[in-house]
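# Structural overview for review
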Amino acid sequence: MTQLRNASQVGRLGFLSEQNKRDIYLAALEVLANVGMRVYHEEAKTLLLEAGCTLTPQDRVLMPRHLVEQARLCVPSVVNLYDRDGTLALELGGYNSYFGPGSDLMSTYDLETGAHRPSTLKDVARAARLCDALPHLDFIMSSAHPTDQDPHLSYLLSFAEMMQNTRKPLVMTAENERDLSVMIQIARELRGGAEALRQKPYLVVYNEPISPLEHPEESLSKLLLCADTGVPSIYSPAPLAGATAPITVAGHTTQGVAESLFGLVVHQLRKPGAPFLFGIGPAVLDLVTAQSSYNAVEYLMTYMCAVEMAKWLDIPNWGYAGTSDSQLLDAQAGMEATQITFLAMQAGSNLSHDVGYLDFGLTGSLEEIVLVDEFISMNRRLLAGIEVNRDTLALEAIAEAGPGGQYMTSEHTYRYMRAVQWRPTILNRHGRERWLADGGLDLAARARQKALDLLATHQVPALPADLAVKTDELIGAFAAAGA
Amino acid sequence: MSLFEDLKLNVEQGKKEAVLALVAQALDQGHSAQQILQQGLIAAMDIVGAKMEQEEMFIPEVLRAAKTMEAGLEILKPLLGVGDMQVSGKVVMGTVKGDLHDIGKNLVAMLLSSAGFEVIDLGINVAPAVFAQKAEATGADFLGMSALLTTTMPMMAATIEELEKAGLRGRVRVLIGGAPVTQAYADQIGADGYASDAGAAIKVAKELGAVKA
Ligand code: B12
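Residues numbered from 1 in each chain as written. Chains lettered and ligands numbered in written order. Predicted model: local features only at pLDDT ≥ 70, side-chain atom pairs only at ≥ 80, totals over all residues. Heavy atoms only, no water.

### Re unusual backbone geometry
Excluding glycine, residues mostly have negative phi values, and the peptide bonds linking residues are mostly trans. Residue and element names in this part refer to chain A. Put simply, serine 211 and proline 212 share a cis peptide bond, and its omega is -5°. You will see that aspartate 314, though not glycine, has its phi angle at about 60°, which is positive. Topologically, aspartate 314 is positioned in the loop between helix H10 (297-313) and strand S16 (317-320). Notably, aspartate 354 is not glycine yet its phi reads approximately 85°, a positive angle. Its place among the elements puts aspartate 354 in strand S17 (residues 351-355). Assessed through its relative accessible area of 1%, aspartate 354 is described here as buried. (Helix = DSSP H or I, 4+ residues; strand = E, 2+ residues; numbered from the N terminus. Buried < 20%, exposed > 50% of the residue type's maximum accessible area, 1.4 Å probe, protein only.)

Shown next as structure tokens:
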């Protein structure tokens, strides 16, 4: 059994009672059994019907409860991810929480000039290398979407850049099972075979059904390919409350739970025990501005319900952190990105992405990634909790100092200070004089400086030459076949 | 409150029963269908449009107001002359091939139809040839395409080509939108109009409509 870390005594914010969780689960089962879902993938449909689902005259698949229960028995509670070198990096499950950037941002705030411009493949590489350098970002997504490349090669080319620019495990989006299968082939080359990749997963694939209650051909093809190859798969819908999902938090959660569980059943029927991540992208359509908010307070509430449901189901979860709806890295961004990140951390959301998102998931900021890394660092310290024992109670030190004494030279201080005092890297703890002398910069400017410094100095060991050649060959063959 | 004030308020608040009763009452009192349409129903929707722009109304409230207005209009239709009721235009809409994001398209479609356009919604994942076929078959004035993915945006250009091939480009005005789409892209592929949100989409469609007329 994998021993999970981080299971401290710290209290967590809970929104759902045990009874609430049961009610949501039962409501989701009712949606599955009585409303049904539309499945646009013939093989998956056959798999479901043969397992005991039924088809209505309106072409909806109705799923009986026992199939969900069976899948829950099969699905692993912990999913381990390994880095590029094959070292265990992330243990997804329990209250472990890990963070990474998002994917596919179409615009980027240029780090050098501050200009808002279309994202390029170079942005994918830079984000990966920056996140490789930042200690509190644990996995990598593309961050940017390379608008300067052939769209059908964009995910594959991003994958190759990410592999070169970070050792951390990857979470990938893909257009369909064709480009995904090339990614998996490359990952097999890296690991030295199909079985080796199955044993030590290097990438996770982000698949999504379409709310409400539809499962497109591409999503299911990718999901089945993941089940077959042992590549962990996320199956997380993005129901937009008020547009493609109920407006109430309970209804929003219920529909999302049902949609994700539907994918779980398909996945576990295909390959019992294959690694799976449950999740809900609890988006909210602002019914006045028509923007899809990542930070509305109702979003945060449904998100927390989704994490609580994942714990209740005992399935690792996919989540969100470090996002802001703001148009730039301002005080709003600071407020929103840190609130969602803190909620994710305290809830023990396992694999949280989208760090560095601005503008409703359309614009990226490397400075924001640096800021959130600092915030995660600080709050990992906070949530590690407080150790209370004879030595930390410091009775001896207190007696030694006595009335009117001091602790600066105490042995106790000396022994504990580096472990107890968390050090910021960009938050300001200087007085006015020193701060002015250092240029009088605000936090965003210091984050920018840190990003520039890291990008100028941080090196990622090169991939073996033969692997780089093989990767180019596989992508070349894919491009040629497509044309 | 005067009868017309009452009617406008009830349209704005989406109270269908009250609107039906008030329209009937107005007819009883001898007001013309044309007057009830202009000073009641359309005037109400003008207020709704303004409130939407000022972010005082939620979109579902706007949509309900539009539905309510339509219900009132049903009573008046048989009494109105041909010239009294201008349809703003016929729009064929869909998301382009490969694109399943339809929330924005649905919103634009709903608001266009509340603004008096006749909308034929082809749904999602619409191939260029299908767009062209439907535009031809329905005699559409506009073709609206939505794309949210950079991978699917090129389908917009492909659809315009298809329209050209079918000899429809002169008749059908092309509107495009979706998060990655820009005015520059619209210019590049030769679309007639671009809008960044549903409110702007209506304005652009109306402007283009006026140009043709
Ligand atoms: C919700 C959502 C989804 C939902 C869609 C549900 C649905 N039924 O539509 C789901 C979860 C299914 C989904 C799937 C995917 N998505 Co998505 N999704 C979004 C999200 C968060 C919001 C979109 C939305 O609905 N916004 C609200 C509506 C109201 O706004 P709108 O669509 O922009 O429409 C307005 C205007 O653009 C305009 N407009 C729109 N259409 C038209 C048409 C005309 C004629 C006119 C005039 C105007 C106009 O008016 C509208 C109203 O104001 C966006 C991020 C974003 N902020 O855009 C990502 C996003 C678009 N998705 C993205 C991606 C990558 C994907 C996937 C590939 C992910 C995957 N892992 O597989 C799949 C692709 C599926 C497919 N083949 O289409 C990327 C795209 C990146 C890129 N470079 O292309 C984005 C930007 C997020 C991100 N950064 O990762 N997604």
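### Side note on the coordination of the cobalt atom of the ligand
There is one protein donor for the cobalt atom of the ligand, and it is His101 of chain B (NE2), at 2.3 Å. Tracing the chain through its elements places histidine 101 of chain B in the loop between strand S1 (89-95) and helix H5 (103-114). (Donors = N, O, S within 2.8 Å, 3.2 Å for Na, K, Ca; no water.)

### Focus on the domain arrangement of chain B
Residues and elements named next belong to chain B. Its domain assignment divides chain B into domain 1 (3-79) and domain 2 (90-212). The gap between the C-alpha centroids of domain 1 and domain 2 is 29 Å. Contacts between the two partners involve eight residues from domain 1, matched on the other side by six residues from domain 2. Note on domain 1 versus domain 2: buried area summed over both sides is about 530 Å², and carbon and sulfur give 77% of it. Together, Met52, Ile59 and Leu63 form the three largest contributors to the area buried by domain 1 at its contact with domain 2, with a combined 59%. Taken together, the links from domain 1 to domain 2 amount to one salt bridge. (Domains from an automatic or database assignment. Contact = heavy atoms within 4.5 Å. Buried area = accessible area lost by both parts, 1.4 Å probe. Salt bridge = Lys/Arg side-chain N within 4 Å of Asp/Glu carboxyl O.)

### Focus on the nonpolar core
Judged by nonpolar contacts, the single largest core of 87 residues is most densely connected at Phe159, Val171, Tyr299, Trp318 and Leu351 of chain A. Of all hydrophobic cores here, the second largest spans 42 residues; its members include Leu3, Ala33, Phe142 and Ala201 of chain B. (Core = buried A, V, L, I, M, F, W, Y, C linked by side-chain atoms within 4.5 Å.)

### Some details on the confidence of the model for chain B
Taken as a whole, chain B shows an average pLDDT of 91; of its residues, 95% reach a score of 70 or greater. ipTM for the predicted complex: 0.82, alongside a pTM of 0.90. (pLDDT = per-residue confidence, 0-100.)

### As for the pairing of strand S10 (residues 203-207) of chain A
Residues and elements named next belong to chain A. In terms of burial, S10 is a largely internal element, five of the five residues being buried. The alternating pattern of S10 places Leu203, Val205 and Asn207 and Val204 and Tyr206 on opposite faces, both of which are buried. Across three bridges, the pairing between strand S9 (residues 170-172) and S10 is parallel. Residue valine 171 lies in a different strand from S10, and its bridge partner there is valine 204. Relative to strand S12 (residues 233-235), S10 runs parallel, the two sharing three bridges. Each residue of the ladder has a partner; that of valine 205, found in S12, is serine 233. (Pairing = 2+ DSSP bridges.)

### Focus: the interface of chain B and chain A
On the side of chain A, 20 residues touch chain B, which itself brings 14 residues to the contact. Summed over both partners, the interface of chain B with chain A buries about 1300 Å², with 78% contributed by carbon and sulfur atoms. Considering only the side of chain B, the residues that lose the most area to chain A are Ile103, Thr150 and Thr151 of chain B, jointly responsible for 39% of the buried surface there. Taken together, the connections running from chain B to chain A amount to zero salt bridges. Elements represented by at least two residues in the side of chain B that touches chain A include exactly helix H4 (59-76) and H5 of chain B. In the side of chain B that touches chain A, the residues fall into 11 nonpolar, two polar and one charged. (Nonpolar A, V, L, I, M, F, W, Y, C, P; charged D, E, K, R; others polar.)

### Quick word on the site of the ligand
Around the ligand sit 47 residues, and of these Phe360 of chain A together with Leu100, His101, Asp102 and Ser146 of chain B come closest. More than one chain approaches the ligand, the contributing ones being chains A and B. Here a nitrogen atom of the ligand and a backbone polar atom of tyrosine 206 of chain A are 3.1 Å apart. Backbone polar atom of glycine 361 of chain A to a nitrogen atom of the ligand: 2.9 Å apart, as the coordinates give it. Put simply, the parts of the chain that give the shell around the ligand at least two residues each are H5, strand S3 (142-146), strand S4 (173-177) and helix H9 (198-212) of chain B. In terms of residues, the shell around the ligand owes the most to one element, H5 of chain B, which gives four residues. (Near = heavy atom within 4 Å. Polar contact = N/O pair within 3.5 Å; in protein donor to acceptor, adjacent residues only side chain to side chain.)

### Points about the sheet that holds strand S2 (residues 117-121) of chain B
All names here are of chain B. Sheet architecture is open: five strands sit in the order S2-S1-S3-S4-S5, paired in parallel fashion. The two strands at the open ends of the sheet, each matched to only one other strand, are S2 and strand S5 (193-194). H5 rests against S1, S2 and S3 of the sheet, and its axis sits at about 150° to S2. Its contacts with the sheet put helix H6 (residues 128-138) on S1, S2 and S3, and the angle it makes with S1 is roughly 160°. (Axes fitted to C-alpha atoms, helices over the stretch in contact; angles between N-to-C directions.)

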